[in-house]
Structure formats: structure tokens, C-alpha cells
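The residues making up each chain are set out below.
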2 protein chains.
Amino acid sequence: METSSSRYLADRLRAIGVPVTLQRLEIARVMLSRPVHLSAEQLLAKVRDTVPETSRATVYNTLRLFREKNLVKELIVDPERVVYDSNVEPHYHLYDVDTGELTDVAAEELHVVGVPSLPAHVELEQVDVIIRVRGKRV
Amino acid sequence: METSSSRYLADRLRAIGVPVTLQRLEIARVMLSRPVHLSAEQLLAKVRDTVPETSRATVYNTLRLFREKNLVKELIVDPERVVYDSNVEPHYHLYDVDTGELTDVAAEELHVVGVPSLPAHVELEQVDVIIRVRGKRV
DNA sequence: CTAACTGCAAACCCTTTGCAGTCCG
DNA sequence: CGGACTGCAAAGGGTTTGCAGTTAG
């Protein structure tokens, strides 16, 4: 499947009511063609490689839009920056605190047992699991 | 046990090689007398209630020091701010994304099954579980 | 023609830092 | 005395916003 073609991506955006622009198409190409973990700044750099007429504001605006449309998920693993994940299916993460590298852990591999019953007035939104690892100390 | 007396806290700081000052003692009283979740700014406000001659820089310096000494743990649940947790024992969290309220979930209640085997060059630092909830939509 | 999108730059918030003054051992 | 701690204010980095110009339907 040609998931990375402009045609496919443009249709996908239109299908969810997102007007297609050059910048959004390119942001979609970088973020949505395959599972990636990118910060806003990293995304901006990649998008500017091919579409230099892209501003920081547009990247942030588009990320917010994509998040609202459930095309990407925010990962909060580091106080320094937010990371955007193009895998919106339930899954977990392994995070190397030294390198910043993020790896997906499939929901089939890992299970959270014993989630407490919730107060009546709240509902579950999502369960985050972050397995923090670091390079071995010698 | 008088865990909140100045005497006890001062001794506790000295025991781990932290020179005792008025500000540190007060920060310790607010943070360490009982399990709390506080942001730096919230902590500053509480400390200034009793010791107004406390600067923001001192709060941040002291939080870093306390973290290095394993008196508090950083919680990364919200991109807006870091929350400090005076419960340094392994445990998990329930987070209300609407109110910002954080609740501890004891390690005995909840288990993470299936943590993947780690690459040889890294070691496990910690497993974070954040159960995100929100007020029920009507 | 109107509404929506974009770019730029400045504003904003949280956190850290430089520096001078102060205190404790 | 010397090293460490403190306060102030300014710097720093990531994110958001105001506004004017442009584009698409």
C-alpha cells in the first residue's frame, strides 16, 4: 500500500475535514507515512528540507490540529520537549534517558494488571507506560 | 512518629550530608513531612507563607539537590511543568487531566506484566505508569 | 468576497544561570 | 577567612499568539 503518496495523504486529510495545504501535506508525509517519534523542532527541520517555506508556527498549529483529529499522539516523557507519535493505536514506550531514543512496545507484549476502579465522575482516557532505561554504568 | 518536626528533618538532612539552612529546612517541611505532589511554583508559594525570604532560585536549587539525594522524585505527567513527589518508593499514578490532580497507586495494587528484555548495553531505571482520566463527558 | 491559512516576530511560561552579597564553620 | 548558600534579575529554550499578507473556495 502506497501509504506515503501525496495522493493518499491528501485524501486522508480531506476525509477528516482538514483542508489540504502544501505545508500540511508535507508535515503529514513526514509524520504519518510510517511510525515516528519526533519533537516539533525535529519535525520542522525535516519539513524544511523539502518545503523551506514553512514556519515554526505552522508546524505547531498543524500538530495541534493533527492531535485533535487523532492523527498523532503527544508523548510526555521528557520535561524538555513534547514528542509526537504517529502511532495512535494503544501501545507503550521504552525510553532511553541518555540518548532520548524512544521505542514502541506493542500492547500485546505488555499488560497492566490492577488498574484501580475509578471514581464515578471520571472516565479512563489512556494508560501510559514508560519503561525508562539508561546506559549501563561501568 | 514526629516526622514533621524541624528536629527530625534537620537530622535527616545532616544524615545525608546536606548542610541545613533555614530555606532548606522549610522546603523539607513542606515537601517531606507527608506524601505530596507539588510543582516548583506551588512549593515556592507554600514556603513563602512561612519563610518569605526565599527565592525561586533557591527552590529550584534545593529541588535539584533533594532529587540527587533521592528525597524526592520528578514526575513527568504534564508538558507545562514538572511535579515533585515526596514518595520515592516504587508506585504509580492516576492523573486527572482536567484538574491536574495526582493520586498515588500503590505498587502492590498494580502490576506491569511483560516488560521486554532489554538490550545488553542498557539497564532498567524505572517503570512509570500514568493512568490518565478525565471528567466524564455528558 | 470571505474565511481560513501562513510567516514573522514578539510574547509567554517554566527553569536555569551569573553575580554580588551574606553566612556558617 | 574560605567555601557554600542566597536573592535578584536576566537569560534560555520550548511553545503560543497577534497581526498583516496571501490563498482557496
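The structure under discussion appears in the preceding block.
Keep in mind that this is a model prediction, so the values were computed, not measured.

A.B. asks: Which residues make up unusual backbone geometry, and what are the values?
C.D. replies: All names here are of chain A. Non-glycine residue Asn70 carries a positive phi angle of around 65°. Topologically, Asn70 is positioned in the loop between helix H4 (56-68) and strand S2 (73-78). Exposure remark for Asn70: the relative accessible area of 48% places this residue in the partly exposed category.

A.B. asks: With reference to specific residues and values, describe the protein's contact with DNA strand D.
C.D. replies: Residues in contact with DNA strand D amount to 17 residues; listed here are only the nearest, Tyr60 of chain A together with Thr21, Glu53, Ser55 and Thr58 of chain B. Backbone atoms, meaning sugar plus phosphate, form 79% of the atoms of DNA strand D positioned within 4 Å of the protein. At 3.3 Å, a side-chain N or O of Arg24 of chain B approaches a phosphate oxygen of DNA strand D. Contact distances for DNA strand D include 2.7 Å between a phosphate oxygen and a backbone N or O atom of Ser55 of chain B. Secondary-structure elements contributing two or more residues to the surface near DNA strand D are H4 and strand S3 (81-85) of chain A together with helix H2 (22-32) and helix H4 (56-68) of chain B. Split into classes, the residues belonging to the surface near DNA strand D amount to six nonpolar, six polar and five charged.

A.B. asks: Lay out H4 of chain A with the relevant residues and their values.
C.D. replies: Residues and elements named next belong to chain A. Relative to the 18 Å expected for 13 residues at 1.5 Å per residue, H4 spans 19 Å between its end C-alpha atoms, a close match to the ideal helical length. Taken residue by residue, H4 has Val59, Thr62, Leu63 and Phe66 as its buried positions. One side of H4 holds all its buried residues, which, seen down the axis, span an arc of 105°. Structurally, H4 contributes buried residues whose contacts are with helix H1 (6-15), helix H2 (22-32), helix H3 (40-50) and S3.

A.B. asks: Please set out the protein's contact with DNA strand C residue by residue, giving values where relevant.
C.D. replies: Among the 17 residues in the neighbourhood of DNA strand C, the closest are listed as Thr21, Glu53, Ser55 and Thr58 of chain A together with Tyr60 of chain B. Close to the protein, within 4 Å, the atoms of DNA strand C belong to sugar or phosphate groups at a rate of 79%. Between DNA strand C and Thr54 of chain A, the relevant distance is 3.1 Å, taken from a phosphate oxygen to a main-chain nitrogen or oxygen of the residue. When contributions to the surface near DNA strand C are tallied by element, the ones reaching two or more residues are H2 and H4 of chain A together with H4 and strand S3 (81-85) of chain B. Sort the elements by how many residues they give to the surface near DNA strand C and H4 of chain B lands first, with four residues. Among the residues making up the surface near DNA strand C, the classes are represented as six nonpolar, six polar and five charged.

Cut-off values and rules
Residues numbered from 1 in each chain as written. Chains lettered and ligands numbered in written order. Predicted model: local features only at pLDDT ≥ 70, side-chain atom pairs only at ≥ 80, totals over all residues. Heavy atoms only, no water. Helix = DSSP H or I, 4+ residues; strand = E, 2+ residues; numbered from the N terminus. Buried < 20%, exposed > 50% of the residue type's maximum accessible area, 1.4 Å probe, protein only. Near = heavy atom within 4 Å. Polar contact = N/O pair within 3.5 Å; in protein donor to acceptor, adjacent residues only side chain to side chain. Nonpolar A, V, L, I, M, F, W, Y, C, P; charged D, E, K, R; others polar. Expected span 1.5 Å × (residues − 1). Arc of directions from axis to C-beta. Contact = heavy atoms within 4.5 Å.

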